[in-house]
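One letter stands for each residue in the lines below.
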Amino acid sequence: MAGRRDDELAHRTVRELVREIDRRSSGRLPGAPELVLLLDGYATLKADDRLHDQILAIAARGVDAGVHLVLTTSRWHDLRPALQTALHARLELRLGDPIDSVVDRRLATHLPPDTPGRAVVGTGRLAQLARPGDGLDEQHAYRVIADRHGRRAAPIPLLPRDLRLDALTRAVEASASSPKTASEAMPEATSGEIRWWIGLDEDLVPVGLGPDEPHLLVIGDRRSGRTSLLRSLLRQHLARPDAVVALVDPRRTLIDEVPADRLAAYATNSSDAHELVLSLASELDARSDAGRNPGRSGGPITVAGPSPHDPARVASSVPGGPPPADSHILLVVDDAELVTAALSPFAPLEPHLARAEELGFSLVVARHSGGAARALYDPVLGRIKELGCPGLLLSGDPDEGPLWPSAALRPLPPGRAVLARRGRSPALVQLARP
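Residues numbered from 1 in each chain as written. Predicted model: local features only at pLDDT ≥ 70, side-chain atom pairs only at ≥ 80, totals over all residues. Heavy atoms only, no water.

## Points about the overall build of the protein chain
Next, step 1: If you tally the helices and strands in the protein chain, you get 12 helices and 18 strands.
Next, step 2: With 434 residues in all, the protein chain has 45% of them scored as buried.
Next, step 3: Across the protein chain, every contact between residues at least 6 apart in sequence was considered, and the portion connecting residues at least 24 apart equals 62%.
Next, step 4: Approximately 21,900 Å² of the protein chain is accessible, and the part contributed by carbon and sulfur atoms is 54%. (Helix = DSSP H or I, 4+ residues; strand = E, 2+ residues; numbered from the N terminus. Buried < 20%, exposed > 50% of the residue type's maximum accessible area, 1.4 Å probe, protein only. Contact = heavy atoms within 4.5 Å. Areas by Shrake-Rupley, 256 points an atom, 1.4 Å probe, with all protein chains shown as cover.)

## Notes on the sheet that holds strand β18 (residues 427-431)
Next, step 1: Here 10 strands make up an open sheet; going across it, the order is β6-β5-β18-β17-β14-β7-β13-β12-β8-β9 and the pairing mixed. Either end of the sheet is taken by a strand with one partner, and the two such strands are β6 (206-209) and β9 (263-267). Each adjacent strand pair in this sheet contributes to an overall mean axis angle of 25°, direction not counted.
Next, step 2: Relative to β9, strand β8 (residues 243-248) is paired through four bridges, and the arrangement is parallel. (Pairing = 2+ DSSP bridges. Axes fitted to C-alpha atoms, helices over the stretch in contact; angles between N-to-C directions.)

## Comments concerning the packing of aromatic side chains
Next, step 1: One pass over the full model with this rule turns up zero aromatic pairs.
Next, step 2: Looking at Arg195, its charged tip hangs above the ring of Trp196, at a distance of 5.8 Å from the centre. (Phe/Tyr/Trp six-rings, centres within 6.5 Å; stacked < 30°, edge-to-face > 60°. Lys NZ or Arg CZ within 6 Å of the ring centre and 35° of its normal.)

## What about the confidence of the model for the protein chain?
Next, step 1: Averaged over the protein chain, the pLDDT score is 81; the fraction of residues at 70 or greater is 81%.
Next, step 2: The low-confidence segment residues 180-187, where pLDDT is below 50, has 14 contacts with residues more than four positions distant or belonging to other chains.
Next, step 3: Across residues 309-321 the pLDDT falls below 50, and counting only partners more than four positions away or on other chains, this stretch makes 21 contacts in the model. (pLDDT = per-residue confidence, 0-100.)

## Re the nonpolar core
Next, step 1: Within the largest apolar cluster, 52 residues are counted, with the highest numbers of intra-cluster contacts made by Leu331, Phe361 and Leu363.
Next, step 2: The dominant element in this core, judged by the number of residues it contributes, is helix α9 (residues 270-290), at six residues.
Next, step 3: With near-sequence residues (within four places) excluded, Leu363 lies in contact with Pro214, His215, Leu216, Leu330, Leu331, Val333, Leu353, Val380 and Ile384. (Core = buried A, V, L, I, M, F, W, Y, C linked by side-chain atoms within 4.5 Å.)

## Section: helix α2 (residues 49-65)
Next, step 1: Here α2 contains 17 residues, and its C-alpha end-to-end distance of 24 Å stays within 8% of the 24 Å for a straight helix at 1.5 Å per residue.
Next, step 2: Of all the bends in α2, the greatest measures close to 40° and is centred on Ala59.
Next, step 3: Here α2 has its buried residues at Leu51, His52, Gln54, Ile55, Ala57, Ile58, Ala59, Gly62 and Ala65. (Expected span 1.5 Å × (residues − 1). Bend = angle between axes of the 7 residues up to and from the residue.)

## Focus: the pairing of strand β12 (residues 328-333)
Next, step 1: Where burial is concerned, most of β12 is hidden: six out of the six residues are buried.
Next, step 2: Of the two faces of β12, the one holding His328, Leu330 and Val332 and the one holding Ile329, Leu331 and Val333 are both buried throughout.
Next, step 3: By the bridge criterion, six bridges tie β8 to β12 in an arrangement that is parallel. Counterpart to Ala246 in the pairing with β12 is Leu331.
Next, step 4: Two elements, β12 and strand β13 (residues 361-367), share five bridges in a ladder whose sense is parallel.

## A look at the pattern of salt bridges
Next, step 1: This structure, assessed with the given rule, holds 19 salt bridges.
Next, step 2: Two residues, Asp22 and Arg61, come together in a salt bridge whose shortest N-O distance is 2.6 Å. With Asp22 in helix α1 (residues 2-24) and Arg61 in helix α2, this pair connects stretches of sequence that are 39 residues apart.
Next, step 3: When salt bridges with common partners are traced through the structure, they connect Glu16, Arg19 and Asp203 into a single cluster. (Salt bridge = Lys/Arg side-chain N within 4 Å of Asp/Glu carboxyl O.)

## Regarding the pairing of strand β17 (residues 416-420)
Next, step 1: Most of β17 sits out of view: five of its five residues are buried.
Next, step 2: Of the two faces of β17, both are covered, the one formed by Arg416, Val418 and Ala420 as well as the one formed by Ala417 and Leu419.
Next, step 3: As judged from the four bridges shared by β17 and β18, these two strands associate in the antiparallel manner. Bridge assignment links Val418 to a residue of β18, and that residue is Leu428.
Next, step 4: Counting the residues that bridge the hairpin from β17 to β18 gives six residues, and of these Gly423 lies at a positive phi of roughly 80°.

## A few points about helix α6 (residues 165-176)
Next, step 1: The end-to-end C-alpha separation of α6 is 16 Å, in line with the 16 Å expected for 12 residues at 1.5 Å each.
Next, step 2: All of the buried residues along α6 are Leu165, Leu168, Val172 and Ser175. One side of α6 holds all its buried residues, which, seen down the axis, span an arc of 80°. In α6, the exposed residues that point more than 90 degrees away from the buried face are Arg170 and Glu173. (Arc of directions from axis to C-beta.)

## A short note on a nonpolar patch on the surface
Next, step 1: Together, Val36, Leu38 and Val70 make up an exposed nonpolar region whose accessible area comes to about 290 Å².
Next, step 2: When you line up the elements, Val36 lands in strand β1 (residues 35-40). (Patch = residues over 30% accessible without salt bridge, like charges linked within 9 Å, V, L, I, M, F, W, Y side chains within 5 Å.)

## Digging into the environment of Leu83
Next, step 1: If you trace the backbone, Leu83 turns up in helix α3 (residues 81-86).
Next, step 2: Overall, the relative accessible area of 0% leaves Leu83 in the buried class.
Next, step 3: Separated by 25 residues in sequence, Leu83 and Ile58 have C-alpha atoms that sit 9.9 Å apart.

Given below as structure tokens:
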């Protein structure tokens, strides 16, 4: 666990420096301090492509922004060519084999093994490096210098390992009370009502999905936090007075979240899910024809299969009758791979996805990460992605490849996800759970 926490801190530190370079790209702010990233043992990190790309960005762009990189490695060959080119200065201590020297092979052969700190610093130039002392006078001098400048590096905030929905709600209220935070850190909050709050980003700012994002795809391994997220979304949706829910719930893990009088439909297998979707598509057809006129409803959406609220009832009408024509229907599909093994039962909904907000309809689909790249060829899942709706990529196998531009699955702690949205860089988010 400590190792994973250290890796997270390393990634967070490097990402924060890249963002600082972006912030300074329009010009150095007066008094902005020089920042130095000290990276000891680069070879242990070079296999991480994401981290390497960010380190390369610091080396290539940081100097003009006052952000500098100092790194150590045991061999020059550990540095990728692009990174070697971006480094402006080289200092070479004694190597295991002098032939590996890129500064001066002749001098490298003469570096004495019993003189630590002797280095080649240029063609034909040797140097003896100074080392810090351990005396109290020297430590006191360092403190005096630090106190004179009066600056301390701010601690780097880390995402919580566990985030509860009530804590996220308090964070939303606190952020909304600050006009600066509401307008800059939460731009979606100023463009309209947030449909769902889902978690915190790396700046510990609440992240929400707006009215122009009616549908959501959630992809991740088992125990990655998929079902917990769906519970949070259901609770927020049911807080609306006009909300009803349709569930496709093969493992029967979500039914306890929905009161009987708010359950529009329920299915636990492929055939029942197909019947549910046909009923829902009929309702949406009627709403489309009538312009959501309450006088022309498509009739009740049926509960396909035994209702968990009443095991004796099979394919009966909704307990409270058909959903009102002005209600907002949320269809939640958990473990979608269990009901789409052959032909997708959700195809009848595809014509209605683009008009979801007008018709009072939202679709949230969660599925296992295995075969996710192939699953996105499904007409409904593919259409959701084409419409620019967001995706949440929880922990999964990187071999699936990028599922959104610049966003791929990778191992993550439970509840941690990459939020992929059109027109924005992928963002790491800690999702809230009830």
